[in-house]
Amino acid sequence: MKKQLILIADMEGASGIFESNVEAIYHGSNLWRDMGRQYLTSDVLAVCEAATECGIDEILLYDGHYAGDAEFNVIIEQLPNNVRIFDTPNRCFDWRRIRGQAESNPFGLITVGQHARNGEPWAYFPHTIQTPPIKSLFVNKMHIAEIGQGTLSFCGTKYLANIGCHASHKEAKEISENVTCITVKNKATGWEPSPIETYQIIKSGVMEAIRTIDKRDVISIGEPCDFYMELTEGYYFAPSEVFPWKGNFTETTAKWESPDIEIGLELFNYVRGFIKKKSK
């Protein structure tokens, strides 16, 4: 039976990227092209090397940073032959389509390059999907951001490891208490190593997570799913008079219900379409 690993990547939590070189996460910038892409690719390669040595046959990678632009943040040409890229238009957050391309029962899931949610202390570039305008997003009272969106789309799969900023582990732990947390930078302690220094840390941590998979939890969430979104100051909802789901709006909040997580996340994108910026 093929062992397939799901790898969901972001960039703000990648090794070597700090406030001092923040332009490395700005998609399309010179520093992103010369530094940021290489740093994230280094983290991804560490995961791939560890997974392959542990007998993983195929790695399915979703590169979610700056979703909506076709150009990848990971340098695809540097990836090993057992890595396959999820096919979505312009790398958009199309979670139903992403989930449908994977095996029914993947071996496990790893998140890499992850940042913390909006409002988390001691975090590098914290935000929730897009902040502003989104202040917070909850599903069944669970506060989620990019980590939550990606992992909950793979309910029934074991969450092996979260790799990124130390502050990002809080969200990962709330989703799956026994997930392995691999830190590549920590603002609270001032630990800011280079990707060369973190490569072996990531590799060793991933190998341990895979070898001890029996200690990892299956990702799960109750159904139906109740969603709640709140906007930051300066933004408001301008919904249509009729909307095709169970839910309601106030000026700065939206609530909706869905029979499962996939439909709920699709409605999230629909709800985002009603966000407007207040005029000065």
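Residues numbered from 1 in each chain as written. Predicted model: local features only at pLDDT ≥ 70, side-chain atom pairs only at ≥ 80, totals over all residues. Heavy atoms only, no water.

Caption draft 1: Region of interest: the overall build of the protein chain. If you tally the helices and strands in the protein chain, you get six helices and 13 strands. Its C-alpha atoms give the protein chain a radius of gyration of 18 Å, near enough to 19 Å, the size a compact globule of 280 residues would have. With the C-alpha coordinates aligned to their principal axes, the bounding extent of the protein chain is approximately 55 × 45 × 35 Å. Residue burial in the protein chain is summarised as follows: out of 280 residues, 55% are buried. Accessible area for the protein chain stands at about 12,200 Å²; split by element, carbon and sulfur atoms hold 49% of it. (Helix = DSSP H or I, 4+ residues; strand = E, 2+ residues; numbered from the N terminus. Rg over C-alpha atoms; globule rule 2.2 N^0.38 Å. Buried < 20%, exposed > 50% of the residue type's maximum accessible area, 1.4 Å probe, protein only. Areas by Shrake-Rupley, 256 points an atom, 1.4 Å probe, with all protein chains shown as cover.)

Caption draft 2: How the structure looks around the sheet that holds strand E5 (residues 134-139). Read from one edge to the other, the open sheet built from five strands follows the order E6-E5-E9-E12-E11, with strand pairing classed as antiparallel. The sheet is open, and its two borders are formed by strand E6 (142-143) and strand E11 (246-249), each paired with just one other strand. Its contacts with the sheet put helix H6 (residues 261-272) on E5, strand E9 (225-231), E11 and strand E12 (253-258), and the angle it makes with E12 is roughly 150 degrees. (Pairing = 2+ DSSP bridges. Contact = heavy atoms within 4.5 Å. Axes fitted to C-alpha atoms, helices over the stretch in contact; angles between N-to-C directions.)

Caption draft 3: Expanded view of the pairing of E12. By the bridge criterion, six bridges tie E9 to E12 in an arrangement that is antiparallel. When the sheet's bridge partners are listed, tyrosine 228 is paired in E12 with lysine 255. Bridge count for E11 against E12 is four bridges, and the pairing is antiparallel. The residue of E12 that forms the bridge with phenylalanine 249 is alanine 254. Linking E11 back to E12 in an antiparallel pair, the connection comprises three residues.

Caption draft 4: Seen up close, helix H1 (residues 30-53). Its 24 residues give H1 an end-to-end C-alpha distance of 34 Å, which sits within 8% of 34 Å, the value for a rise of 1.5 Å per residue. Most pronounced at glycine 36, the bend in H1 amounts to some 35 degrees. Glycine 55, located one to two residues past H1, shows a positive phi value of around 95 degrees. (Expected span 1.5 Å × (residues − 1). Bend = angle between axes of the 7 residues up to and from the residue.)

Caption draft 5: Local environment of the pattern of salt bridges. All told, the structure shown has 16 salt bridges when counted by the stated rule. Linking lysine 2 and glutamate 58 is a salt bridge whose minimum nitrogen-to-oxygen distance equals 3.3 Å. With lysine 2 in the segment before strand E1 (4-9) and glutamate 58 in strand E2 (residues 58-63), this pair connects stretches of sequence that are 56 residues apart. Overall, the relative accessible area of 40% leaves lysine 2 in the partly exposed class. Among the ionic pairs, lysine 2 bridges to glutamate 103, the shortest N-O distance being 3.2 Å. One end of the pair, lysine 2, is in the segment before E1; the other, glutamate 103, is in the loop between helix H2 (95-100) and strand E4 (108-114), and 101 residues separate them in sequence. Each of Lys2, Glu58, Arg84 and Glu103 takes part in salt bridges that share partners, so that together they form one network. (Salt bridge = Lys/Arg side-chain N within 4 Å of Asp/Glu carboxyl O.)

Caption draft 6: Main features of the sheet that holds strand E3 (residues 83-85). Judged by pairing direction, the sheet is parallel, and its six strands sit side by side in the order E3-E2-E1-E4-E7-E8 without closing on themselves. Of all the strands in the sheet, just E3 and strand E8 (180-185) have a single pairing partner and so form its edges. Direction aside, the axes of adjacent strands within the sheet are offset by 20 degrees on average. Pairing of E1 with E4, which is carried by five bridges, proceeds in the parallel orientation. Within E4, the residue paired with isoleucine 8 across the bridge is threonine 111. Sitting on the sheet, helix H5 (residues 195-211) touches E4, strand E7 (159-165) and E8, and the angle it makes with E8 is about 175 degrees.

Caption draft 7: Just the environment of serine 15, in detail. Position of serine 15 among the secondary structure elements: in the loop between E1 and H1. Separated by 150 residues in the primary sequence, serine 15 and cysteine 165 have C-alpha atoms spaced 8.3 Å apart. A distance of 2.8 Å separates the side chain of serine 15 from the side chain of aspartate 43, its partner in a polar contact. At 2.7 Å, the side chain of serine 15 forms a polar contact with the side chain of threonine 198. (Polar contact = N/O pair within 3.5 Å; in protein donor to acceptor, adjacent residues only side chain to side chain.)

Caption draft 8: Local environment of unusual backbone geometry. With omega at 15 degrees, the peptide bond leading from proline 132 into proline 133 counts as cis. Take proline 133: it is sitting in the loop between E4 and E5. Along the chain, glutamate 223 connects to proline 224 via a cis peptide bond; the corresponding omega equals 0 degrees. At asparagine 140, a residue that is not glycine, the phi angle is positive and equals roughly 50 degrees. Inspection of the secondary structure puts asparagine 140 in the loop between E5 and E6. One non-glycine residue with positive phi stands out, namely lysine 141, at about 70 degrees.

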